[in-house]
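Geometric and topological summary
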Amino acid sequence: MVRERDLQILGLVAACGVALASVVQADDLEERVERARELPFRRPVPTREITRDELREVQALNFKDSYGDGRGTERELRALGLLSPEVGFRETTLGNKAEGVLGFYIFKPLGSYADGRIYTIPENQQNSGASTKEVAAHELAHALSDQHHDLERMFDAIPKTPTGDRHADRQRALFSLEEGVATLVGRASDPNSPHVAAAHWRDLDYLKARTQFLYTEGADFAQHLHDEGGWELIDKAYQSPPTSTEQILHPERYLAEQQDKPTRVLVPNLAKALPGFRPVKANTLGEFGLSWIAGRDAASGWDGDRYVVVENPETGQAISSLYTTWDSNRDAAEFHGSLADSNRGQLAALETGDSLYVEHDGQGNVFTIGGATDEQLPVLREALLRTRKRAEADDHNVAGAPRERASAPIQIADLSGSGRTLIVKSAEGEERLITLRPATEAGRERIQAVLDHLAQSPEATRVGPDRYVLSGGSSLIEWKEGVFTMGVGTSLAAVEAVEARLSRLPAGAAPLTSTSPPANRGGLIQGLGAR
């Protein structure tokens, strides 16, 4: 499952020059934490000093408990394009991390290491500018949460997926709440400590981003709740914790009277559709994962998703699929357009000759298929069209406030009621083709404006009725039978070959009419020369 280390270990990777154990045990710090959190300790928090080698043992035990041998998670991450081929998951997750951990809290026993206590590593003390008090208070805050809210119970309540892994997005939301609260307590306990601005999680690789998210977005979420209702509201959040990273990123949706809860996406067993294949993993990326892949704006209308990775153990072929559902068809169109422009996620996993297929069905859903052959693609598409969705009982699908957008000439989401994209990776580069079916008269009028511009542009050559090749000879635009086609690649012949492959698939569903206000975002249309 794509996830951080289980909450069995709640640690802060930091180092400083004063013995952490002595700071943790200081009576005044416990009192500071109690005052900052407005919550008393129910019992003393024991501490234990361990060696760096013992820390490595704890990390290995936690890795095994979370991922087994890690090979399934590694195949999953690679197929989704979230782990580079040259990077090993186990090596990256464990690596040399033992040298940077100053202390951690355990809420579930790991081997011979008891729960409910803070562990410190004296060997790792060195001057780095970090606040000893803030680090110690952070770990004490975890202990305080555990004593009052039973973190093990909360963790065990996270549902599991069909492949037996805990729901990744729901787990990430819970972790964000806990790490966010501990971060606030740590800061309040040592208000004079220096705070260094961390890199934004979307600027990091995926493995680092998913950890950074917990602290930065978790702290913002906890601060928002505290501003709205103090620690009383935060304690209520432990009784009814956030269920998605969407709620972490948009705390107003969590606090709404009609709370915006995610829609469950029930994808058929894709392995059964392909002889010789078996399931590897199935889980949810959430708004966090889709924001990392396609951008914050493109993912902010998220309502639910489910990804599936299957493989053929004899041939080694891995196929990934992602099914997403959105608050509106307009949001789905924007995500489709952003995904067509993105170089992250499944596209990054493609090898020469592989393809990524993306379809926006006109019903508020976008699904992808990565790594399938031309023969497998229609079989998997047919299976994905049988995907079912189930809203939680009290989910009223609150879409949140309208988003302000920067101005731009013309955008895919302005035009599309439904559409499809096929990206093929060749030895020379990538060939991308996107087809859109406009759902409104305004969309058709905007397409006509593009065509009128091309007819007068010296950069475009007309090669057929409403069909143009742009300067350079490797990009084309066409309007035919209600479908707007755009292609860009290494050569016109290569783009037309992708066009032929896409045309062999059954046509997509008829689009729904969208009355949502248009978005303005740069994309493939702008890149092809429309002004």
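Attention here is on the structure that accompanies the text. (Residues numbered from 1 in each chain as written. Predicted model: local features only at pLDDT ≥ 70, side-chain atom pairs only at ≥ 80, totals over all residues. Heavy atoms only, no water.)

All right, on to the overall build of the chain then. Helix and strand counts for the chain stand at 20 helices and 17 strands. For the chain, long-range pairs separated by at least 24 residues make up 74% of all intrachain contacts whose partners lie at least 6 apart in sequence. Roughly 21,800 Å² of accessible area belongs to the chain as shown, and the carbon and sulfur atoms make up 47% of that amount. (Helix = DSSP H or I, 4+ residues; strand = E, 2+ residues; numbered from the N terminus. Contact = heavy atoms within 4.5 Å. Areas by Shrake-Rupley, 256 points an atom, 1.4 Å probe, with all protein chains shown as cover.)

Scanning all chains against the criterion turns up 15 aromatic pairs. Ring geometry for Y323 versus F367: centroids 5.8 Å apart, planes at 5°, classification stacked. Here Y323 is found in strand 8 (residues 318-326), whereas its partner F367 is found in strand 10 (residues 365-370), with 44 residues between them in sequence. Counting every residue linked through ring pairs, the aromatic cluster contains W201, Y206, F213, F288 and W292. Sitting above the plane of the F155 ring, R166 keeps its charged end 4.5 Å from the centroid. (Phe/Tyr/Trp six-rings, centres within 6.5 Å; stacked < 30°, edge-to-face > 60°. Lys NZ or Arg CZ within 6 Å of the ring centre and 35° of its normal.)

Take the side chain of Q212 next. Looking at the secondary structure, you find Q212 in helix 9 (residues 206-239). Once residues within four sequence positions are removed from consideration, Q212 is found in contact with A198, A199, W201 and L204.

Here W292 is to be found in helix 12 (residues 286-294). The sequence separation of W292 and D203 amounts to 89 residues, and the corresponding C-alpha distance is 8.4 Å. In this view, W292 contacts L82, W201, R202, L204, D205, Y206, A209, R344 and G345; residues no more than four positions away in its chain are not counted.

Moving on: helix 19 (residues 492-503). Relative to the 16 Å expected for 12 residues at 1.5 Å per residue, helix 19 spans 16 Å between its end C-alpha atoms, a close match to the ideal helical length. Of the residues making up helix 19, those classed as buried are A494, V495, V498, E499 and L502. Buried residues along helix 19 cover an arc of 145° about the axis, so they all sit on one side. For helix 19, the exposed residues lying more than 90 degrees away from the buried face are A493 and S503. Considering only its buried residues, helix 19 is in contact with strand 9 (355-360), strand 12 (418-425), strand 13 (430-437), strand 15 (467-470), strand 16 (475-480) and strand 17 (483-488). (Expected span 1.5 Å × (residues − 1). Buried < 20%, exposed > 50% of the residue type's maximum accessible area, 1.4 Å probe, protein only. Arc of directions from axis to C-beta.)

Scanning the entire structure with this criterion turns up three cavities of 30 Å³ or more. Quantified by volume, the largest cavity comes out at close to 100 Å³. If you go around the largest cavity, you meet 13 residues; those closest to its centre are I293, L339, R344, G345 and Q346. A per-class count over the lining of the largest cavity returns nine nonpolar, three polar and one charged. (1 Å grid on protein atoms, 1.4 Å probe; cavity = no way out; pocket = protein on both sides within 12 Å on 5 of 7 lines; lining within 4 Å. Points joined across faces, edges and corners; volume = space filled by probe spheres on them. Nonpolar A, V, L, I, M, F, W, Y, C, P; charged D, E, K, R; others polar.)

A separate point is the packing of helix 8 (residues 168-189) against helix 9. Two numbers describe how helix 8 lies on helix 9: the axes approach to 5 Å, and their chain directions differ by 70°. Judged on the interaxial angle alone, helix 9 and helix 8 are roughly perpendicular. (Axes fitted to C-alpha atoms, helices over the stretch in contact; angles between N-to-C directions. Parallel < 35°, antiparallel > 145°, perpendicular 65-115°, else oblique.)

In this section: the sheet that holds strand 17. Taken in spatial order, the 11 strands of this open sheet run 6-7-8-10-9-12-13-17-16-15-14, and their pairing is antiparallel. The outermost strands of the open sheet, each flanked by one partner alone, are strand 6 (278-283) and strand 14 (460-464). This sheet shows a mean twist of 15° between the axes of neighbouring strands, independent of strand direction. With four bridges joining them, strand 14 and strand 15 adopt antiparallel strand pairing. Each bridged residue has a counterpart across the sheet, and for T461 the counterpart in strand 15 is V469. Across the face of the sheet, helix 19 comes into contact with strand 9, strand 12, strand 13, strand 15, strand 16 and strand 17 while running at roughly 50° to strand 13. (Pairing = 2+ DSSP bridges.)

The next thing to look at is the pairing of strand 10. In terms of residue burial, strand 10 counts as a mostly covered element, since six of its six residues are buried. On strand 10, burial covers both faces: N365, F367 and I369 on one face and V366, T368 and G370 on the other are all buried. Across six bridges, the pairing between strand 8 and strand 10 is antiparallel. Looking at strand 10, one finds that S320 is bridged to G370. Note that strand 9 and strand 10 share five bridges and pair antiparallel. When the sheet's bridge partners are listed, V358 is paired in strand 10 with T368. Remark: four residues form the turn of the hairpin made by strand 9 and strand 10, two consecutive strands paired antiparallel; G362 in that turn has positive phi of roughly 80°.

Another point: the pattern of salt bridges. Under the counting rule described, the total for this entry stands at 21 salt bridges. Of the charged contacts in the structure, one is a salt bridge between R504 and D374, with a shortest N-O distance of 3.9 Å. Note that R504 is positioned in the loop between helix 19 and helix 20 (524-527) and D374 in the loop between strand 10 and helix 16 (376-384), a separation of 130 residues in sequence. Exposure remark for R504: the relative accessible area of 58% places this residue in the exposed category. Classification of D374 by relative accessible area gives partly exposed; the value is 34%. Between R444 and E441 there is a salt bridge; the shortest N-O distance is 3.3 Å. With a gap of three residues between them, R444 and E441 both fall in helix 18 (residues 441-456), about one helical turn apart. (Salt bridge = Lys/Arg side-chain N within 4 Å of Asp/Glu carboxyl O.)

Counting residues in each nonpolar core, the largest one holds 76 residues, and the members touching the most others are V33, L82, V181, L285 and L290. For this core, the leading source of residues is helix 9, giving 13 residues. Other than its neighbours up to four places away in sequence, V181 contacts R37, A222, W231, I234 and Y238. The next biggest cluster of nonpolar side chains, apart from the first, holds 27 residues, and it includes L270, V308, Y357 and A383. (Core = buried A, V, L, I, M, F, W, Y, C linked by side-chain atoms within 4.5 Å.)

Size it by volume and the second largest pocket reaches roughly 700 Å³. Residue composition of the lining of the second largest pocket, by class: 13 nonpolar, nine polar and seven charged.

You can see E481 is positioned in the loop between strand 16 and strand 17. E481 sits 44 residues away from R437 along the chain, and the two C-alpha atoms are 9.4 Å apart.

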